[in-house]
Structure formats: C-alpha cells, structure tokens
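# Report on the structure
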Amino acid sequence: METDPDTTLINVVKTCNDHQLFRLTKFYRSRLEQTIEGVVDRVSSTLAIREFFTAEDHRKVIKLKEGGNRVDSSKVLLTLVMEKGSEARKVMWESLIDMRYALPKFYNILKDIQEHGPDSLDYWIAAKNLEQLPKSLEDVYQIHKETLRKKSERLRLNTILTDDAIQECQLLDRYTELTMVFSFRDRNLVEHELLARGQDHEKWRKECLLNIMEKIRPEELFFSSFSHNNSTSGCSAVVAGVPGIGKTTMVQKMVHDWATNKIYKCFRFVFIFKFRDLNAINCRITLKQLILDEYPYFVNNLDELWKNPECLLFIFDGLDEFKRKIGFTGGCTSLPACINTEEWCEVPDIVYSLIQHKLLPGCSVLVTTRPTALSLLEKANISIQAEILGFVSEERREYFCKFFNDPLVAENVFKYVKENEILYTLCYNPSYCWILGHSLGPFFIQKGRNAQQIPKTISQLYSYYIHNILRNHSREVQYPRLVMRKIGEMAYTGVSEKNIVFTSGDLIKYEIPPSQFLSGFVMELLEKDNSAQSVVYTFPHLTIQEFVAALTHYLKEDSGDVYTLLVKAHGTDDGRFEVFLRFVAGLSSPWSARPLEEFLEPFLSKTTHKVIDWIKETFEGELGPARSGGKKLLNMLHYLYEAQNTPLTRQVMNTVETLSFKGMHLNPVDCVVLSHILGNSEMIKDLDLGGCTVQSEGLQRLVPQLHRFHILRLDNNKLGDSGVNLLSDVLAKQDCKIQLLELKNNHLTASCAESLASALSMNCSLRYLYLGENQLRDAGVKTLAAILSHPNSAIQELELFSNRLGVSCVKDLATALEANQSLIALDVHSNSFEDSGVRTLSEVLRKPECNLKKIQLGDNDLTEISAGYLADVLSTNHSLTELNLSDNELGDSGVELLAKALGKPGNKMQRLWLDCVGLTAIGTKELASALCVNCSLTVLYLNQNELGDTGVEQLFEALSKPGWQLEMLGLTKAGLTDSCTEHLVTVLGTMDSLTTLTLGQNCFTDKSIPAIRHLIMNHKCLQRIGLGWNQFSQAGMEQLESMRGIRSLVPDLTEDGSLPQCWQNFRKS
C-alpha cells in the first residue's frame, strides 16, 4: 500500500542534517526553480516573516516578479536560500509542502523523494565523478571527440532561394532553442499535426507556466533529478516530437556540446546511429562491428571500452523510420536478448538489448521518435520520457532573425506571419518556419513585388514554396511539368500508404530522373549498406509531400477519375487524406494556381471544375439528412477556405440556417476558417459551439462575425473573463442581433460582470442569458442585477445556477424581478439562498408587478419554512407555472403546505419538481388531495422520495380523475414494488397525454413484466419508459428489450430511467 509522499518528505525535512538537506536542494534545484516561479512572492514573504530574508532580499525577489521576470526571481530566491543556510532551506521546503496541492511540479518531486529516498543521491554523485580515463583510451578519446565535433559543427540546410540545393552553415549560427517538457502528454498521438498541434502547443506552453508541465533541457536527460535512477543497470531515455519539430537537430546540438566539453562530461564516449541508416543492414551483425563500421578508429580499443559501460551513451535517432520490429512485451520478447558485444544478432536485437540494459548493463541510451511510434516502446524499460513542444513566441522571432541575413527582412516576415493567424499558429514547428521563410522571403527581399500576392492560405504558401524551387531549378529539367507530375504520383502513393521514405527503386518505378532540381526538392541522404551506399528520398515535411500529391492531379493530361478519387479520399476516416484534400481544394483557386502555372503551364480547367463540383456536392451532402458528423463538415469548411472562392462559399452556405460543432475541439486555425466562412454566410441564424474549447484565443478570431446570429451557444469553452470581455464588445454593437446567449461553465468570475453589465445596458436584442456553472458569486450578480432592474432591459430568461451565490445578492435579484416586466424565468438552483433568501424573493413574487412564470430553486439549503413562504406566493400569484424545489429538505410538512396552495382555485402550476425532498406516503396524501382539484400539471417529478406503494396508490387515485393532461411523470427510486403495478398500469393506460415515465431504481421483479408489456403495447403516446436498476432477471430484461422500436419507444434498462436533471427542461416549455 502506498504511503503519503508528504509523510516521507516531512520526515526528511525534520531529520536531515545540514549536509543532507543541502544535497537535496542542490540536486532538485532546476526543478525547484520552476516550481517556485508561480508562488515566488508567497515563499519570499514566508522567509521574510521568519526573518531569514531581509527587507532588501524580499524587495529584490518581488521586484523581478512584478517586472514579469518570474524565472529570474525564482533563481534569485534559490540562490539566497542556499546562502542563508539549512534553517532557511527547511523553511522553504516546509512552505512548499503547505502549497503542495496547488503545485503539481512540486508534488512530482515529493513522489520522487518518496520512491528513491534522499540517500539514493549517492549513486548520482558517484556517477558524476567517474574514474579517470585510462591512458590507453586517451588518443581515441581525442580522435572521437574531434570527429564528432567536425560532423556536428555544420548544419546542412536545403535551400530553394539560390542555385545551390544544399547550403551549409555553422550550427551555432542557426540553432534556436526548443521548448521540451518532462513526460508525454496524455492524449491520442495520431492526429495530423497541421490540424491541431498549434492549439496544443499554445495550451501546453501556458500550462508549463502554470506549473503543470516541467520544462527539461537536453543536458538534464541523464544524471539529473529528472533521470533520478539508483540502479547500476543504466538509464534509457525517449524524446518524442512531431515531424519537423527538431529532434535530429537537437541531437546534433547535444553531440556538438558533448564534443566541445559543454555537457555530459560523465560520458567518455557517445555513439550516434540513425534508424534510417540501420534499415540498410539486412543481415546479422555484432555491436562491435556496428560501431566499427561507423567509427573504424576504435578497432584496437573496444575491449577496453566495454570495461566501463557507465561511460557510454548510445543515441538512436528516428525510431519511427525503422522498418524492422522491436518487440517489447511485459515479461518476455519474441526477440532474443543479445548479451555479448561480439554476438551475431539482428539489428533490432541489439537495439532492444541496449535499451533493456541486457547488453552493456550500465550504459545509457537515448531514442528519438515521432509520437506515432511511441507505442513500440510502451513496455520498454524507459527511465525518462520527454516531448519537444517546439518554439514559443520569442523563439519564433529568433528563428526568423537567424534565417535571414537582413534584420529588416526578418522583422518584416515575422510581423506578417504574426498578423496572419493561420501562419502564426503553425510557427511552433521549425519545419513550418523553414517553409514560411522560403515562401515569404522573396516578397520582402525583392523590390517591386506585389504585396497583394503574399500568401494568406496554406495552399498559397506551399504554392509559392514550389514556385521558388521551380524558379531556381527548372532550367535543369527539360520537362518540369512531367517531372513534377511523376514526383506527385509517388507522393500520392506515399500519402495513401502512409509512407514518407522513398528509395532509388521508387524513383525508377515512377521514372523520375535524378537532377539538381530533384535535390532541391527533396532531401538527399546517404544510407549505409554492407556492400555499397544507397540513397533514400524524403520530402522536407509531410505537408510538402501532401501538397505535391494534390498538385499532381492538376498536371495530368485529362481529368480522368479525379472526382471518384476525391469522394473516396473524403470517405476515409483515419485522417490520412485530410490535408491532401485541403490542398486539392486550395489549388482550384487562381491565387494558388498562377505561381505554379508560370513554370508548369496552365492547369487543366476540367480538373478545376470537377474539384469545385465535388466541393459543392460534398458540402450539400454533409448538410443533408445523411450527414456524417461535425468532423467532416469542419473539413469541408477548410476546403472552402483554401479555395478562396467567394461565390462558391455563398452558394453552398446560402441554405444553412443552423451550424453546430457541439462537442468538437476547435483550434485557433479552425476558428479563423470558421470566421471566414461565417463572413460569407448571410442565412445562418443559430451557431452552436458548445463544448468546442475555443477559449479566449479562438473566440477572438470569431468576434467579427458573432453579432449577426440570433442564437449563440458558447457553453463549456473555458472562455474566462477575458472571453466575456470580448463578447461584451459584441453585445454593445448597435446592430447586434443576438437573442439567446449560452455561457454556461466558462470559468467566469465577478471580474467580468461589469463589462457584461455595461454591454447589456446598450443591448436591445438579448432575451435569453444563460450563465450557469460559473463563479460569479454575490458581487457579480449584484452588478448584473442593477442593469436588469433597468426598465429597458429585454431579458426574459436568466440562468445563474451553480454560481456560489448566497443570501446577500437575493435582495438585488428581487429588485430586478420587481422592476423588470420582461423577466419571466429565473434559474438559481444549486446555490445557497437558504430560507431567508426565499423569504426575500417571496415578498416580490407576491406583488402584481412581478411577471415571473418559472423559477428553479433546487438545491438551495431550503426547509419547510421556505415551503411556507412559497405556499403563500402560490395562493395569490396565479402567473407562476413552473417551480423546482428538488434536493431541499422540505419534508412531508413542507410538501403539505405547498399542496394546500396548489389545491386552491385559480392556481395554474403546470410543471412541478419535488425530487429528493424527503416526501413519504404521509405527505403524498395531501398532495393527492390537491391534485384531485387541480388538473393543470403537465410535468410532475417525485423521484428519490420514499413514497412506497401506499403513497403511489394515493397519487394515482387523484390522477385517475378526468381532465388530466400529464405528459411527464417521474417515480424513480420511490420504493415501489410489484404490489402497485396493476393499479399503476391501469391508471396510466387511461392517460393518453403521457409521453415519458421513469420507474428506475425500484423493486419491480419479473411479476410486473406482463403488466408493463401491456402498457408499452397499448399506450398510444408513450415514447420513453425508464426501467433500469430494478430486480428483473436476465430473461425478464430480454423480454423488455424485445419491446424496443414499438412506435419508436425506448425502454431504458441500462440507466436508472430518470431524465437528465429536471431543470434541463427549463427552456423547453
């Protein structure tokens, strides 16, 4: 059984001597600095109060923090703590313990200490102080370092802006630091990075700053607190990252830093292999021979080298490109373990044995891979996992500054990219930055270029990328259109088969002649073979392959079966064709076609027309009754955006009045696309983006279009106060048409109430405002209520449930109810109004000026006292038609008070919820008496009350009277048995209006099934009956299950049979 990690740490703090605590703080220092960033002021204040920090010390830390430099402020605090001695260190650790639940990073440190204990640092310290290098290895050590330094100091770059296909530069001149985080993100890692990774990157970067993800530097992958490992068998690390994120370049930088003595001095020798090269070894080989093939100068030294495997680091780059299977399993593997450096094994056996520390136990191994190949390592013995997230904003700027020699050009390109939401979102990835630099550079380098032609869509961007290749290399190819078409055919086959690496055999198959043009178009790499060197080809990025695959269909001599191909591709659900299809649609635009037609001759017009027809017909299909869902519809919007065809967009959107992406994740790129489409759609009145997680960032892209809709649903989007401030500007517009605004569960606080209230004071259109499940509290509601009290307020329905409201805001709400003649529905359930709050409300509800018809007061800590207040209201107020008092402790006495009021002449109550109010058969008797007089109820819910058979029989005696129009009846968990079934079915059989009945969580057995089946077979209007969690046998459940489909009736046997929370019907009456 696991112990609380807090106990372990507290004991460590209490029992550590000065030196032990010093070592612990020093060991975890880099991680403590990250932890403290978010709470640096609180920790510093604690140390100042305890008089370990002087006033000047505290001011120094706080000044840095208030200046926005949290990183330096935490570094200064740690430095001061280390200087102040052991007591200051104890106080710092104790203060972090007190805040541990708000500091996930620190909690990880706690668990680490619990697992390993402070004394395990001895192994780490020993590893950092390895024995002196034997003299017999000194010469080869220097040769190896110099060899790796020379190999790694130059960066080979593809270029399409000059005649040279490959340029070389100093690594340090071009390398830009990448953000890498400890551990992998918990999500499906198969989505195409162009579709959603920009949003993911921004989201997780922010979470890094909020102390959720821990940043890790390359030099911390081994022998640091992240890779804390007290085992002598060695350490294996995995670094994951999407294509083009910079894994290989980061490894090159690591090797260069090792070769120049900047990092990992504890490793005497580093050996790097590319899985792409290992593919060429199709025979058995020894580890010794594998190293000698790559590093022949070790021929006389390897035996000495093996004696100290702790000094060795093996790097394997690009696991996702390895064509052989490495079969890790839980306990055993289909691959035999290779335990001897001179044992002849298959390459996968050697890699497996090194990672699992069966070969050269004690050595360290680093593997890089795309996330899609992580499953191959699921059962591997991995000590540390990290993921490269890419560039943050300043790193993006730095990349462009290093890409262009001219600082002015770099700044202009970066400014343009930053202002284009789609392009900027892609810039977390170095490969996209590279493509952007090559595509946009000429527009800012060459004078006289038309600014109107600068790419705005991804298709236009890639079109200019290919245009620049053609401009610099087409002279070397006699028929560039033919060569491009054949390259595209190979690319399309790769997209179809999910293949990104092509061999010389593939080039021969597609009759692609090798040339300088080809070298400028794809990266040319030498791959090792035992007998000779072989060449493989890969596009600089998967998206380039997808673009060329799309382009080839415009270069064919006839349009052929392009329409059929597009239909088939769109019908594929695994995502492989999504970006390809966007490019196909984009190339139908003249803006994307013209740059390419300059060198490739005009595209076939029939192909363009077929693509447009396909977009039109597919879009109409997605909007029709056979639509396949929001994801396909969203893809269609991307196709329209890439096509940049305004008449086409208006034509296909002309009949669309409702657009819903409810529950789909929309990233900022999606929001830009959606905003563009909405700007060309005059007919849409209802936009539902509930649960799309657009956040404030995505909302900002949509704001220009939102004022035009009548219904706008933005619930469950994490908009926060900043998002509502944006919406307030929309509501304040004179031409705002929004009538219904849904903002439930958006992390709103009282801070946004003022801007929202200000907007409402100027808005004349809004009728329905839903603000449930937020944190407005009393202060926020008081601000809103002041505006609602204005006689010009048009709000008719207001939801404020689950907003942590108390008694103090009730008076303000009551004033609004009295002054606002239009407000007819108020939902404040799941707050804490208590009896005193209901008394205040009741005073207003009794007044003739109050027009309220519906009120939801469920779960508000009410008792029978509140029932008395409301009974007085019902005796005089005949406009109230809907009342929810569920989840309050009214008891029988409270229900009896309400029943007496309901039984009086003139009462018009139609919908009544009394779920879980402590009602028994005693109170049911009085309720039944009232119902004998008042037959106006259409909805009655009495779920989770102990009515018993007696209570239900009393109730049904009243319901058997003529004149009832009851549509919904809830009796879930009411203590019912088989004894009441016949009476229940007999009465219900006469109620032709009944559509919904819930009887779940009672004690019905198979004895009741014949009567229930009779009811289902003969009742004309019943649409749903809930029967789950009763005491039916398996055979009985099968009998009921066989009734499914009768007049579309759905017997519910899996759930308790109750409807969603009763107040969900609030808006439907």
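Below is a summary of the structure that appears in this document. Everything numeric here is computed off the predicted structure, so don't read it as measured data. (Residues numbered from 1 in each chain as written. Predicted model: local features only at pLDDT ≥ 70, side-chain atom pairs only at ≥ 80, totals over all residues. Heavy atoms only, no water.)

Take unusual backbone geometry next. For Glu601, which is not glycine, the phi dihedral falls at a positive 70 degrees. Looking at the secondary structure, you find Glu601 in the loop between helix H29 (590–600) and helix H30 (605–623). Although it is not a glycine, Asp859 sits at a positive phi angle of roughly 55 degrees. (Helix = DSSP H or I, 4+ residues; strand = E, 2+ residues; numbered from the N terminus.)

The next subject is the nonpolar core. Core analysis: the biggest nonpolar cluster contains 294 residues, and Leu221, Phe314 and Phe661 have the highest contact counts within it. In this structure, Phe661 is in contact with Gly630, Leu633, Leu634, Leu637, Leu666, Leu674, Asp688, Leu689, Gly690 and Cys692, ignoring residues within four places of it in sequence. Membership of the second largest hydrophobic core comes to 28 residues, among which are Leu21, Leu24, Val61 and Leu78. (Core = buried A, V, L, I, M, F, W, Y, C linked by side-chain atoms within 4.5 Å. Buried < 20%, exposed > 50% of the residue type's maximum accessible area, 1.4 Å probe, protein only. Contact = heavy atoms within 4.5 Å.)

Judged by side-chain charge, Glu834, Asp859, Asp861, Asp887 and Glu889 come together as a negatively charged surface patch. Looking at the secondary structure, you find Glu834 in helix H39 (residues 834–845). (Patch = residues over 30% accessible without salt bridge, like charges linked within 9 Å, V, L, I, M, F, W, Y side chains within 5 Å. Areas by Shrake-Rupley, 256 points an atom, 1.4 Å probe, with all protein chains shown as cover. Salt bridge = Lys/Arg side-chain N within 4 Å of Asp/Glu carboxyl O. Lys, Arg positive; Asp, Glu negative; His and termini not counted. Charge placed at Lys NZ, Arg CZ, Asp CG, Glu CD.)

What follows is about H30. Spanning 19 residues, H30 covers 27 Å between terminal C-alpha atoms, matching the ideal 27 Å at 1.5 Å per step. Residues of H30 that are buried in the fold lie against helix H27 (562–570), helix H28 (578–586), helix H31 (630–643) and helix H32 (646–653). (Expected span 1.5 Å × (residues − 1).)

Right, let's talk about the environment of Tyr295 for a bit. Within the element layout of this structure, Tyr295 appears in the loop between helix H15 (287–294) and helix H16 (302–305). A residue is classified by how much of its surface remains accessible, and Tyr295, at 1% relative accessible area, is buried. The spatial distance from the C-alpha of Tyr295 to the C-alpha of Phe271 is 8.7 Å, given a sequence separation of 24 residues. Residues within four places of Tyr295 in sequence aside, it is in contact with His144, Leu148, Lys151, Phe271, Ile272 and Phe273.

In this section: helix H3 (residues 29–37). Burial of H3 is extensive: eight of the nine residues sit out of reach of the surface. Along H3, the residues that are buried comprise Ser30, Arg31, Leu32, Glu33, Gln34, Thr35, Ile36 and Glu37.

Summed over all chains, the structure comprises 32 aromatic pairs. With a centroid separation of 4.9 Å and an interplanar angle of 45 degrees, the aromatic rings of Phe275 and Phe322 are classed as tilted. Placement of Phe275 in helix H14 (residues 275–278) and of Phe322 in the loop between strand E6 (312–317) and helix H17 (347–355) is noted, with a sequence separation of 47 residues between them. Per residue, the accessibility class of Phe275 equals that of Phe322, and both read buried. Clustering of aromatic rings is evident, with ring pairs tying together Tyr141, Phe269, Phe271, Phe273, Phe275, Tyr295, Tyr297, Phe298, Phe314, Phe316 and Phe322. One cation-aromatic arrangement involves Arg594 over Trp591; the distance from NZ or CZ to the ring centre is 5.7 Å. Of note, Arg708 hangs over the ring of Phe709, and the distance from its end group to the ring centre comes to 5.5 Å. (Phe/Tyr/Trp six-rings, centres within 6.5 Å; stacked < 30°, edge-to-face > 60°. Lys NZ or Arg CZ within 6 Å of the ring centre and 35° of its normal.)

What follows is about the pairing of strand E7 (residues 364–369). Among the six residues that make up E7, six are buried, leaving the element largely enclosed by the rest of the structure. Taking every second residue as pointing to the same face, both faces of E7 are buried, with Ser364, Leu366 and Thr368 on one and Val365, Val367 and Thr369 on the other. As paired elements, strand E4 (residues 235–240) and E7 share six bridges and run parallel to each other. Bridge assignment links Val238 to a residue of E7, and that residue is Val367. Bridging between E6 and E7 involves five bridges; their strand directions are parallel. (Pairing = 2+ DSSP bridges.)

Taken in spatial order, the six strands make up an open sheet running E3-E8-E4-E7-E6-E5, and their pairing is mixed. Strands with a single pairing partner mark the edges of an open sheet, and in this sheet they are strand E3 (179–182) and strand E5 (269–274). Strand after strand, the sheet turns through a mean of 20 degrees between neighbouring axes, direction not considered. (Axes fitted to C-alpha atoms, helices over the stretch in contact; angles between N-to-C directions.)

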